[in-house]
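So the chains spell out like this:
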Amino acid sequence: MARLLRAPGLLLGIGLGGFVDGILLHQLLQWHHLLTGTDSDRIGVRYYSPDTVEGLRMNTLWDGLFHVVTWLFVLGGIGLLYSRVTRDRRAAWTSRALWGWMLAGWGLFNLVEGIIDHQILGVHHVREGADRLWWDLAFLALGAVLVLAGWALQRGADDRVPVR
């Protein structure tokens, strides 16, 4: 059963983890936007300062596109879950397997986004400034902890949840 919930759980976790990142770090705390590190990136994207109207508009546009992608991951996860669980859906939503895979998906989002956007491309960092490497490493460490916690949680799942 945990195997059938793996893909929907990972998709949901990736999407919801992206929403946490976008809502908390981009909007509420305003630590960064999608393009705030492009003044020192590795791919030559034009810099859009979040301190100017033009820059904030462009960063907000790209943050919105990022949210569209995270929404598509959530939508895909829900659709896949619905297609795999045909009876007693409440049992699936309370399953340790689903929640474990969702945690692992969130951690996977952090690891992939942290390695690609923060380290390889350098388009933004968790928090800009002198200590940005430490913030980026903490983000990666959180991702690793979430993957491990999710994997451990799903291993203790009850395989009796009705599926298909």
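Placed above this text is the structure.
Residues numbered from 1 in each chain as written. Predicted model: local features only at pLDDT ≥ 70, side-chain atom pairs only at ≥ 80, totals over all residues. Heavy atoms only, no water.

Trainee: I'd like a description of the overall build of the protein, backed by residues and values.
Mentor: A count of helices and strands for the protein gives 5 helices and 0 strands. When the elements of the protein are put in sequence order from the N terminus, they spell out α-α-α-α-α. Taking the principal axes of the C-alpha coordinates as reference, the protein spans close to 55 × 25 × 25 Å. Long-range contacts, defined here as pairs at least 24 residues apart, represent 77% of the contacts in the protein between residues at least 6 apart. Here the protein has roughly 9,000 Å² of accessible surface; of this, 66% comes from carbon and sulfur atoms. Here the protein contributes 15 positive and 14 negative side-chain charges, whose respective centroids are spaced 15 Å apart. (Helix = DSSP H or I, 4+ residues; strand = E, 2+ residues; numbered from the N terminus. Contact = heavy atoms within 4.5 Å. Areas by Shrake-Rupley, 256 points an atom, 1.4 Å probe, with all protein chains shown as cover. Lys, Arg positive; Asp, Glu negative; His and termini not counted. Charge placed at Lys NZ, Arg CZ, Asp CG, Glu CD.)

Trainee: If you had to explain unusual backbone geometry to someone new, which residues and values would you point to?
Mentor: Its identity as a non-glycine residue notwithstanding, Q30 has a phi of 55°, on the positive side. Its location among the elements puts Q30 in the loop between α1 (2-28) and α2 (53-84). Judged by relative accessible area, Q30 falls into the exposed class, the value being 57%. (Buried < 20%, exposed > 50% of the residue type's maximum accessible area, 1.4 Å probe, protein only.)

Trainee: Explain the nonpolar core residue by residue, including any values.
Mentor: One finds L5, L12, L81, V85, A97 and L98 to be the most contacted residues of the largest nonpolar core, which totals 13 residues. When residues in this core are grouped by element, the largest group, 5 residues, is from helix α4 (residues 96-121). Within the second largest apolar cluster, 7 residues are counted, among which are I14, L25, F66 and F109. (Core = buried A, V, L, I, M, F, W, Y, C linked by side-chain atoms within 4.5 Å.)

Trainee: Can you explain the environment of D88? Please cite residues and give values.
Mentor: Mapped onto the secondary structure, D88 falls in the loop between α2 and α3 (89-93). Between the C-alpha atom of D88 and that of G107, which follows or precedes it by 19 residues, the distance is 28 Å.

Trainee: So what's going on with the side chain of D136? Residues and values would help.
Mentor: Checked against the element boundaries, D136 lands in helix α5 (residues 132-155). For the buried residue D136, which engages in no salt bridge, the nearest side chain bearing the opposite charge is R132, 5.7 Å off. (Salt bridge = Lys/Arg side-chain N within 4 Å of Asp/Glu carboxyl O.)

Trainee: Now, about the packing of α1 against α2: what can you tell me, with residues and values included?
Mentor: Running from N to C, α1 and α2 cross one another at 155°; their axes reach a closest spacing of 8 Å. With respect to α2, the axis of α1 lies roughly antiparallel. Relative to α2, the crossing made by α1 is left-handed. Residues belonging to the contact of α1 with α2 are distributed by class as follows: 17 nonpolar, 9 polar and 4 charged. (Axes fitted to C-alpha atoms, helices over the stretch in contact; angles between N-to-C directions. Parallel < 35°, antiparallel > 145°, perpendicular 65-115°, else oblique. Left-handed = near helix turned anticlockwise from the far one by under 90°. Nonpolar A, V, L, I, M, F, W, Y, C, P; charged D, E, K, R; others polar.)

Trainee: Describe the packing of aromatic side chains, and please don't skip the residues or the numbers.
Mentor: Evaluated as defined, the whole model comprises 2 aromatic pairs. For the ring pair W31 and W135, a centre distance of 4.7 Å and an interplane angle of 65° mean the geometry is edge-to-face. Highlighted residues: W31 in the loop between α1 and α2 and W135 in helix α5, separated in sequence by 104 residues. What makes W31 partly exposed here is its relative accessible area of 22%. With a centroid separation of 6.1 Å and 45° between ring planes, the pair formed by F66 and F109 is classed as tilted. In this pair, F66 sits in helix α2 while F109 sits in helix α4, placing the two residues 43 residues apart along the sequence. For F109, a relative accessible area of 9% puts it in the buried group. (Phe/Tyr/Trp six-rings, centres within 6.5 Å; stacked < 30°, edge-to-face > 60°.)

Trainee: Quick rundown of the pattern of salt bridges? Include the residues and the values.
Mentor: Pairing of side chains with opposite charge becomes possible as their charged atoms draw close. Tallied over the entire structure, the rule returns 2 salt bridges. Between E54 and R46 there is a salt bridge, with the nearest N and O atoms lying 3.0 Å from each other. Exposure remark for R46: the relative accessible area of 48% places this residue in the partly exposed category.

Trainee: Explain α4 to me, using residue names and the numbers behind them.
Mentor: The end-to-end C-alpha distance of α4 is 35 Å, a good match for the 38 Å that 26 residues give at a rise of 1.5 Å each. G114 marks where α4 bends most, by close to 30°. N-capping of α4 is provided by S95, with a side-chain oxygen placed 3.0 Å from the backbone N of A97. (Expected span 1.5 Å × (residues − 1). Bend = angle between axes of the 7 residues up to and from the residue. Polar contact = N/O pair within 3.5 Å; in protein donor to acceptor, adjacent residues only side chain to side chain.)

As far as function goes, none of this settles anything; it's purely spatial.
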